Amino acid sequence: MRDDLAAAQKLALIGSLRGTAGNRAIAAVLSPPRTPTIQRWSSSEHVRLGDVIDRQVPVGGGVSLTYGQIVALAGDEFGTLEELMSATQTDEGRAMIRAHLERASIAGTAGPLLPAPTADQRAEAGSQYIALAMSNTPHFAGGGTAVATWLEKHAAAVDLALQSGITRDDALMDRAYLTEAFGDHFLTDAFSSGHIRVPRQEIEAYYVNEFAPMVFDSLLDNLRERLVDEIYDQIDDQTSLDELAYVGGVLPGLGLRAEFRRRIRAKVNSRIAQGLERAGGRGPVVIKFGQALAGIICGAMHDAENRNGLRVVSNMDADPWVAYGDSDLDKNPQHRAYVEEAVRTAVADLDQARSIGLDEGQSLFNLVDPAFVPACVYFGFDQDALSPEASATVGMVAQYLQYHPSTEVSLVGHTDQVGEAPYNENLGLRRAERVRLQLTSQGLEADRIRIESMGERLPVSHDRANYHLNRRVSFAYASGAQQADKTPEDVGIEHARRRAVNEIGPPYQAESHFPRSAEGENEDLPNWHWADLSPSFQAEMNKWVSHYVNEYAAGALANKALDDQVISTPIGDFTISPRPIAHRIVAEISADPVGFLGRMMGRAAGT
């Protein structure tokens, strides 16, 4: 038999199953780089939750989406905001945005205005969705990083809103809304009941780092032998070869059949090795396989939590209510209202930040030009108190110095020539001290201020009619060594940020809305370690995997890669039929996914 037999049949079978972009369950077993998808709020629900903010948001390249469309695309369709923004810059990228909108059935007027995607782009959108689902820890709250992911985006959006106010740049405010909308995907995910307490990170860590490395070689061995047997049986059924014949230097009798198996196995091994090499080696494939197993565990647990509901409380409402998850947004109007309120509250932070920025921008606009900084303030006869006019002048100096942090000031007190010199020396010092106190009360650092008194020694005028010009504190400005590189605009941003922390957060008001499991109100989660899986939870897993197998099996089994192939060998031509092999494997997976995995891994669940 020629080595072409090798093309036989693992590759035709697995190549077909891998090439079907949504065949999550089959691919998880036969092709570790794919994984079952963990559901979240459906895309339409994300759109509805996001569109409580009635706003079209420019994304870039002339593309504008509704706030809700961005919420729906974030995380599930585009891994980062930068990827989404970059896609707007080319026709190919804009077509990919439309492919993702159509893949997720995200309604709206933007889609039809974008270039139509090719079939390959639609397939790529599906593959990207699956790849993101493979590492979906940021979508889980209690057992993942959903809240932290939202906090990161929210803080960035608040800062952009501050800057937009300071600079009066509306494009920055658009970017703030875009950033917030992307982050609000994770905010809304944190309310889905299947995301609240499922320990996604812990489960993935166990299956990736401990379990998958233990069973992966057994999985490969058993799959290999299954395929070798299936291919060999098809060839054996088509031959009446005399086992005693001597063919091609192969010993007669059982040696010929053994040689057939050896050649099939060698070719299958070669293709497996090539596949592992293309995937980066055994290590990355083991990780993908572990993620796939974790995905099945979390998916079953997640769906049960969504279906049954979860009694939750929050810092905002200590009275338990029932949260629901994917596709059940309207099942509890109270829960939906809390999600919508969290979105509105988060966006309100941006509007408040913009207002703070506008205030700071006005302060910068009103800032006195360095050429016109006051040189002195005047006092009444024998007085060290500041008049309203003098106090306003000192306030102007304080503001100037606040926005020029490298500038230091010397305050020199002066008097007229009336009275005794020692008294006037002290009066001049009191006047300088009075100015210093106002400067420090307005936030100026004390170590940037020097005071002294010249008393009556440095008059402006010796004419008694102009003695009022001598009753003064003069300002001498000099550059200091500290913060010399800070501009007034830099200081303005710092001022705005400090005020935003005090008035907006963190902690942010929206955080009080996040739900958590109500203590003592819910059943414990099932044990998720493979050896401890209960029969009832295995049934949940089977239900979860079978749903996707049944949903996508028809497409997978119709793949042309499973068409019959004729293999020529030195002893004749043989027809290899991958499709029946695929049918049998799919049927076994559909009937008992957990059992199938257990047989392939050599580790029965629950034992």
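Residues numbered from 1 in each chain as written. Predicted model: local features only at pLDDT ≥ 70, side-chain atom pairs only at ≥ 80, totals over all residues. Heavy atoms only, no water.

### Some remarks on the overall build of the protein
Operational definition: Numbering of helices and strands starts at the N terminus; helices are DSSP runs of H or I of at least 4 residues and strands are runs of E of at least 2. A simple rule labels every residue: compare its accessible area, found with a 1.4 Å probe on the protein chains alone, to the largest value its type can have, and call it buried under 20%, exposed over 50%, or partly exposed in between. Here, two residues are considered to be in contact whenever any of their heavy atoms come within 4.5 Å of each other. Under the convention used here, a 1.4 Å probe and the Shrake-Rupley method define accessible areas, while residue burial counts only the protein chains that appear.
What the protein contains, in helices and strands, is 20 helices and 11 strands. Of all 607 residues assigned to the protein, the portion counted as buried reaches 51%. Intrachain contacts of the protein at a sequence separation of at least 6 include 77% that bridge at least 24 residues. On the protein, roughly 26100 Å² of surface is accessible, and the fraction owed to carbon and sulfur atoms is 51%.

### Some points on the side chain of Ser474
The following threshold applies: Whenever a nitrogen or oxygen atom comes within 3.5 Å of another N or O atom, the pair is scored as a polar contact, on the condition that within protein one atom can donate a hydrogen and the other can accept it, and that pairs from neighbouring residues in sequence are kept only if both atoms are in side chains.
Within the element layout of this structure, Ser474 appears in strand β8 (residues 472-479). A polar contact is formed between the side chain of Ser474 and the side chain of His414, at a distance of 3.3 Å. In this structure Ser474 touches Ala375, Cys376, Ser410, Leu411, Val412 and His414, once residues within four positions along its chain are discounted.

### A word on the nonpolar core
Rule in force here: To qualify as a nonpolar core, a set must consist of buried Ala, Val, Leu, Ile, Met, Phe, Trp, Tyr and Cys residues joined through side-chain atoms within 4.5 Å.
In terms of nonpolar packing, the biggest core is built from 62 residues, with Leu65, Tyr67, Trp150, Leu187 and Leu350 touching the most fellow members. Broken down by element, this core gets its largest block of residues, 9 residues, from helix α14 (residues 333-366). Not counting residues up to four positions away in its chain, the partners in contact with Tyr67 are Gly50, Asp51, Ile53, Arg55, Val57, Tyr177, Glu180, Ala181, Asp184, Val343 and Val347. Core analysis: the next-biggest nonpolar cluster, separate from the first, contains 58 residues, Phe260, Leu293, Leu533 and Val586 among them.

### What about the sheet that holds strand β4 (residues 321-323)?
Put simply, the rule reads: Between any two strands, at least two bridges found by DSSP are needed for them to pair.
If you trace the 3 strands from one edge of the open sheet to the other, you get β4-β3-β9, paired in antiparallel fashion. Edge positions in the sheet fall to β4 and β9 (516-517), since each of these pairs with one other strand and no more. In this sheet, β4 lies alongside strand β3 (residues 310-313) in antiparallel orientation, the contact comprising 3 bridges. What sits directly across from Leu310, in β4, is Ala323.

### What about helix α15 (residues 388-403)?
What counts here: Expected helix span is given by 1.5 Å per residue-to-residue step, counting one fewer step than there are residues.
Between its first and last C-alpha atoms α15 spans 23 Å; for 16 residues at 1.5 Å apiece the expected length is 22 Å, and the two agree. Listed in full, the buried residues belonging to α15 are Ala390, Val394, Gly395, Val397, Ala398, Tyr400, Leu401 and Tyr403. Buried residues along α15 sit against α14, β5 (376-378), β6 (407-414), α16 (421-441), β8 and α17 (488-503).

### A closer look at unusual backbone geometry
At the junction of Gly505 and Pro506, the peptide bond is cis and its omega measures out at 15° in the coordinates. Locating Pro506 in the fold gives a position in the loop between α17 and β9. Geometrically, the link from Pro506 to Pro507 is a cis peptide bond, its omega value of -5° lying close to zero. Looking at where Pro507 falls in the secondary structure, it is placed in the loop between α17 and β9. Although it is not a glycine, Arg168 adopts a positive phi angle of roughly 55°. Its place among the elements puts Arg168 in the loop between α9 (146-167) and α10 (170-189). Despite not being glycine, Asp382 shows a phi value in the positive range, around 55°.

### Regarding the pairing of strand β1 (residues 56-60)
Inspection of the sheet shows β1 paired to strand β2 (residues 63-66) by 4 bridges, in the antiparallel sense. Bridging from a neighbouring strand, Pro58 pairs with Ser64 of β2. In this antiparallel pair of consecutive strands, β1 and β2, the connection spans 2 residues, and Gly61 shows a positive phi of 55°.

### Topic: the packing of helix α11 (residues 200-237) against helix α13 (residues 282-308)
Stated precisely, the cut-off is as follows: Lines fitted to C-alpha atoms define the axes here, with helix axes fitted over just the stretch in contact, and angles between the N-to-C directions of these axes take values from 0 to 180 degrees. Any angle that is under 35 degrees is reported as roughly parallel, and any over 145 degrees as roughly antiparallel; angles of 65 to 115 degrees are reported as roughly perpendicular and all others as oblique. For a crossing to be left-handed, the near helix must be turned anticlockwise from the far one by less than a right angle; the clockwise case is right-handed. Each residue is assigned to one of three groups, with Ala, Val, Leu, Ile, Met, Phe, Trp, Tyr, Cys and Pro labelled nonpolar, Asp, Glu, Lys and Arg labelled charged, and all others, Gly among them, labelled polar.
Here α11 crosses α13 at 125°, and the two axes come no closer than 7 Å. By the angle between their directions, the pair α11 and α13 is classed as oblique. Pair α11 / α13 crosses with right-handed handedness. Its residues placed into classes, the contact of α11 with α13 shows 18 nonpolar, 3 polar and 4 charged.

### Notes on the sheet that holds β8
In spatial order, the strands read β5-β8-β6-β7; together these 4 strands make up an open sheet with mixed pairing. Among the strands making up the open sheet, the edge pair consists of β5 and β7 (449-455). Recorded for the sheet is a direction-independent mean angle of 20° between the axes of neighbouring strands. As judged from the 3 bridges shared by β5 and β8, these two strands associate in the antiparallel manner. Residue pairing across strands places Tyr378 opposite Arg472, the latter belonging to β8. Strands in contact with α16 are β5, β6, β7 and β8; relative to β7, the strand with the most contacts, it is inclined by about 155°.

### Things to note about the environment of Gly602
Along the chain, Gly602 falls in the segment after α20 (593-601). The exposure class assigned to Gly602 is exposed, which follows from its relative accessible area of 57%. On a C-alpha basis, the gap between Gly602 and Asn222 in space is 8.2 Å, while along the polypeptide they are 380 residues apart.

### What to know about the pattern of salt bridges
Opposite charge on two side chains lets them pair, provided their charged atoms get close. Test applied: For this analysis, a salt bridge means a side-chain nitrogen from Lys or Arg found within 4 Å of a carboxyl oxygen belonging to Asp or Glu.
Evaluated as defined, the whole model comprises 31 salt bridges. For the salt bridge of Asp416 with Arg471, the shortest nitrogen-to-oxygen distance reads 2.7 Å. On the criterion of sequence distance, the pair formed by Asp416 in the loop between β6 and α16 and Arg471 in the loop between β7 and β8 is long-range, its members being 55 residues apart. Across this residue pair, the class does not change: Asp416 and Arg471 are buried. Linking Arg448 and Glu445 is a salt bridge whose minimum nitrogen-to-oxygen distance equals 2.9 Å. We classify Arg448 as buried; its relative accessible area is 8%. What makes Glu445 partly exposed here is its relative accessible area of 37%. Shared partners join several salt bridges into a network, and the residues in it are Arg226, Glu230, Arg584, Glu588 and Arg599.

### A short note on the pairing of β7
So the rule is basically this: By convention, a crossover is right-handed whenever its connection, traced from the first strand over the helix to the second and viewed with the strands pointing away, goes clockwise.
Pairing geometry for β6 and β7, over 6 bridges, is parallel. Looking at the pairing, Ser410 lines up with Arg450 of β7. This β-α-β element, β6 to α16 to β7, shows right-handed connectivity.

### Description of the packing of aromatic side chains
Under the convention used in this document: Note on aromatic contacts: the rings of Phe and Tyr and the six-membered ring of Trp form a pair at centre separations within 6.5 Å, being stacked when their planes are under 30 degrees apart, edge-to-face when over 60 apart, and tilted otherwise. Both a distance and an angle decide whether a charge sits over a ring: NZ of Lys or CZ of Arg must be within 6 Å of the ring centre and within 35 degrees of the ring normal.
Counted under the stated rule, the structure contains 12 aromatic pairs. Pairwise contacts between aromatic rings join Tyr206, Tyr207, Phe211, Trp528 and Trp530 into one cluster. Above the plane of the ring of Tyr177 lies Arg55, whose end atom (NZ or CZ) is 3.8 Å from the centre. Just above the ring of Tyr232 sits the side chain of Arg261; from NZ or CZ to the centre is 4.3 Å.

### Some words on the confidence of the model for the protein
One rule of thumb: low pLDDT means the predicted coordinates there are not for detailed reading. Defined as follows: Each residue carries a pLDDT value, the predictor's own confidence for that position, ranging from 0 to 100.
Averaged over every residue, the pLDDT of the protein is 88; residues scoring 70 or more account for 89%. Within the model, pLDDT remains below 50 along residues 1-40, and this stretch shows 140 contacts once partners closer than five positions in the same chain are excluded. Of the regions scoring below 50 in pLDDT, residues 243-247 engages in 11 contacts with residues more than four places distant in sequence or in other chains.

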